[in-house]
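Chain residues, written in single-letter form:
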Amino acid sequence: MMSDLSVKLERRGPVAIATIDNPPVNALGLAVRQQLVRVIEVLEADDTVRAVVLTGAGSLFVGGADITEFDRAAEQPQLPELLERIERACKPWFAAVNGLALGGGAELAFACHYRLVGPTARFGLPEINLGIIPGAGGTQRLPRLVGVENALPVIAENRQIDASGALELGLAETLIENDFVEAAIALATEMSVRPLPTPALALQVTDPGEAFWADATARIRKAAKGASAPLAALEALRLGVDRGAPEGLAFERETFLRLRASDEAAALRYLFFAERSALRPPALKGVTPRRIASTGVVGAGTMGVGITAALLNAGYEVTLSERDGASLERGLKALEAVFSAQAKRKMHTVEEGQTRLARVKGVVGLDNLENCDLVIEAVFEDLALKQDVFGKLEKVCRTDTILATNTSYIDPRRIGEGIAAQERFIGLHFFSPAQVMKLLEIISLPGTAADVLATGFELAKRLGKVPVRSGICEGFIGNRILKRYRVEAEFMVRNGVDFAAIDAAMREFGYAMGPFEMQDMAGLDVSFLNREAARARGEQIPETLGDILVRAGRKGQKTGGGWYDYAPGDRKPLPSAETSHLLAEARTAPKAAEPKEIVARLIKAMADEGRLILEERIADGPEAIDLVEVHGYGFPRTKGGPMFFSYRNAS
Ligand code: T1G
Ligand code: NAD
């Protein structure tokens, strides 16, 4: 057995075992494809071989094609031809699926004559997450193996088929619970005497009818939120049903290659790798995080409730502290509402929601936080209040308890200046709603210990968040760029551009909401209070349009009106005569602006601020800034982020 090969070949009597061993995810890179072609040639020519068992080394079958190869031209041998050679082989190939079979890995299994699954086997075609569609027959073989209705959610809606599902659908022959490879060899030996089954591509496929396609198209278009790949995947599947597998295959491949070369796919690839390296910052390599089991949250307002829900969802014990009984009761009610909404969205059952809620203890005051491994403060954005809270926490908590602030704007060095053990103090900046938004800005202070910082990253991983280290500046990475984004947007409004047109342009670009709608949702008062605090410190902060609105009592959705008006209980923004009146004097005569011009101007402003942030070493790279914008501020994934977009579209 040749050890440096990525495809290892063994013999057991009449059966050959080919194991794809290409860490970390057995990706079907060029070397693997070249070696698989050689294996096919050797085994096809060897009459003593009656069957082939194909499996993956480790806990995965195959994680897909090698995504790192996508920025260069596809090299021979390409996957489709390789799979056709397996499908046309004169002896049966058994895909022994020992774990995840994703993308090209699933397509490889579909091209084999039989699939044997282990308990952890899962088949998925996540190509749409990368802005592409399956490119090696997945849109043609899977519907012929399991039917269109079962194939479509896998091909265009990110669903996976697990081991029991594969058995039920007839995608897999057998579920092997123990001695996986040995049992697979035994089965292959036994079944190798049977006539070869009909290749998947030659199987009949039933057209589910117009109503099915219409429903599917509407559902997938809505979920795609403007991304191209999901509808393209549906189109390839349907074309193969209408015109047959050969035309379907050709269309699939042409579409795959076209999308692979697109800006959208490049952006999604960029984010795929950025999200993975974000979890493993090189500076923390080899640093062991502290163990966190019990946590505390101080303040059960908008953020405290969201942070508590995120911690409970991740399995932590939480002690939630408020300043008085009424505030605590209000906070616990809001928390229950979060879990009933999660159950409604089928994130978990009602019972599971109760189980999670049972892990929170509501308290008044800070005394009950003495045994927490980590305490996160989310009280009002007020320096003196936060200093007071940390002063008390330092006395109440164990000396190794990690103390964290969720401040948005205040310099955490000021908040923590009274803390003796600076090494245990850190900024953990969540985003609203904290149980949903994936971003976690981790603010390291000069004294923060490396293992405390590493604990912040480990916490993010357990919460399913995307961590980004930020240095200290006003607003850290995200709110600093948000400020620049708002200033630029307000500048356009002052110069006559309609703020609803700006919101519409940014929604067209891919944001769920524009800058003014977003302010209304988050509350205009958060940044207003920040500016007022700066003015109270004697800083010259010009009056913003938002300030004019807040002074008139318009804080956004929470007061029924901000930039827009809102009907009671409704989040739909409505034009506001009062806002027009309040801002009339601060604006020049109305002026039209093309959506493209609006978008270009705002993205440039964000990227310019991003470049300053990099120069000041507040962020570790352009990827960090793009992850902040995509996971914290709704920047459309299909555009990659302001740094990626401005670089990719630099004229
Ligand atoms: N190609 C290249 N590198 C990959 C990779 C891939 N397909 N998948 C993962 N990696 C790297 C990743 O960057 C990281 O690197 C390391 O492996 C561990 O990954 C023709 C064209 C498989 C579920 O979309 O979903 O097939 O940071 O941290 O949490 O139709 O990785 O250590 O340097 O994510 O255990 C379709 C993508 C490709 C699956 C494992 N396949 N991968 O999760 O580890 S397109 C996918 C994943 C395709 C065909 C088309 C996950 C995973 P580093 P990790 P993990
Ligand atoms: P909020 O007004 O909704 O909640 C603050 C809570 O703190 C209130 O319930 C209040 O009763 C409680 N509180 C005040 N003093 C307390 C004390 N001594 N002990 C315990 N509880 C006390 O505010 P919020 O929007 O949740 O913001 C909280 C913090 O999170 C602020 O620093 C803010 O800047 C930051 N933040 C807010 C957002 C956002 O979008 N709202 C996003 C990120 C960070």
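Refer to the structure above for everything that follows.
The rules we used
- Residues numbered from 1 in each chain as written.
- Chains lettered and ligands numbered in written order.
- Predicted model: local features only at pLDDT ≥ 70, side-chain atom pairs only at ≥ 80, totals over all residues.
- Heavy atoms only, no water.
- Near = heavy atom within 4 Å.
- Polar contact = N/O pair within 3.5 Å; in protein donor to acceptor, adjacent residues only side chain to side chain.
- Areas by Shrake-Rupley, 256 points an atom, 1.4 Å probe, with all protein chains shown as cover.
- Helix = DSSP H or I, 4+ residues; strand = E, 2+ residues; numbered from the N terminus.
- Nonpolar A, V, L, I, M, F, W, Y, C, P; charged D, E, K, R; others polar.
- 1 Å grid on protein atoms, 1.4 Å probe; cavity = no way out; pocket = protein on both sides within 12 Å on 5 of 7 lines; lining within 4 Å.
- Points joined across faces, edges and corners; volume = space filled by probe spheres on them.
- Buried < 20%, exposed > 50% of the residue type's maximum accessible area, 1.4 Å probe, protein only.
- Contact = heavy atoms within 4.5 Å.
- Pairing = 2+ DSSP bridges.
- Axes fitted to C-alpha atoms, helices over the stretch in contact; angles between N-to-C directions.
- Expected span 1.5 Å × (residues − 1).
- Core = buried A, V, L, I, M, F, W, Y, C linked by side-chain atoms within 4.5 Å.

As a further point, take the site of ligand 1. In the vicinity of ligand 1 there are 26 residues, among which A65, G104, E107, E127 and R276 approach most closely. G63 places a polar main-chain atom, nitrogen or oxygen, 2.9 Å from a nitrogen atom of ligand 1. A distance of 2.9 Å separates a nitrogen atom of ligand 1 from a polar backbone atom of I67. In isolation ligand 1 exposes 1,000 Å². Once the protein is present, 73% of that is buried. Counting residues per element, the ones that place at least two in the shell around ligand 1 are β5 (100-102), α3 (104-111) and α11 (263-278). Of the residues assigned to the shell around ligand 1, the class counts are 16 nonpolar, five polar and five charged.

Okay, the site of ligand 2 next. As a matter of local geometry, ligand 2 sits amid 24 residues, with M303, E322, R323, E381 and K386 nearest to it. At 2.8 Å, a backbone N or O of M303 approaches an oxygen atom of ligand 2. In the environment of ligand 2, an oxygen atom lies 2.5 Å from a nitrogen or oxygen atom belonging to the side chain of E381. Calculation on ligand 2 without its partners gives an accessible area of 830 Å², and the protein chains cover 86% of this total. Listed by contribution, the elements that provide at least two residues to the shell around ligand 2 are α12 (302-313), β11 (317-322), α13 (325-344) and α15 (383-396). Broken down by class, the residue content of the shell around ligand 2 amounts to nine nonpolar, ten polar and five charged.

Each pocket or cavity is described by its volume, and for the second largest pocket that value is around 460 Å³. Taken together, 22 residues line the second largest pocket, and the ones lying closest to its centre are K483, V487, R531, P542 and T544. Within the residue set of the lining of the second largest pocket, elements represented by two or more residues are α18 (478-494) and α21 (524-536). Considering each element in turn, the lining of the second largest pocket owes the most residues, eight residues, to α18. Across the lining of the second largest pocket, the residue classes break down as eight nonpolar, six polar and eight charged.

Every α-helical turn comprises 3.6 residues, leaving residues that sit three or four positions apart pointing alike. Across the nine residues that make up helix α4 (residues 138-146), a large majority, nine, are buried. Next to the buried residues of α4 lie α2 (79-87), α3, β6 (114-117), α5 (148-156), α9 (229-243) and α10 (245-260). After α4 finishes, the residue G147 shows a positive phi value of roughly 90°.

Across the sheet, three strands lie side by side as β5-β7-β8; this open sheet has mixed pairing. Two strands bound the open sheet, and with one partner strand each, they are β5 and β8 (160-162). Going from strand to strand, the sheet's axes swing by 15° on average, the running direction of each strand aside. Here three bridges tie β5 to strand β7 (residues 122-124), and the two strands are oriented parallel to one another. Each residue of the ladder has a partner; that of A101, found in β7, is F123. This element, α3, spans β5 and β7 of the sheet and lies at about 95° to β5.

Another point: the pairing of strand β1 (residues 7-12). Pairing analysis gives six bridges linking β1 to strand β2 (residues 15-20), with the strands arranged antiparallel. Residue K8 lies in a different strand from β2, and its bridge partner there is T19. Between β1 and β2, which follow one another and run antiparallel, lie two residues, and G13 among them has a positive phi close to 60°.

What follows is about α21. With 13 residues, α21 ought to run about 18 Å at 1.5 Å a step, and its terminal C-alpha atoms sit 18 Å apart, in line with that. Lining the buried residues of α21 we find α18, α20 (515-522) and α22 (545-551). Residue G538 follows α21 closely and has a positive phi angle near 90°.

A few words on the nonpolar core. Within the largest apolar cluster, 74 residues are counted, with the highest numbers of intra-cluster contacts made by W93 and F123. For this core, the leading source of residues is α9, giving eight residues. Ignoring sequence-local partners within four residues, the contact set of W93 consists of V39, I40, L43, V52, L54, I86, C112, H113 and Y114. Y511, Y564, V599 and I625 belong to the second largest nonpolar core, which has 57 residues in total.

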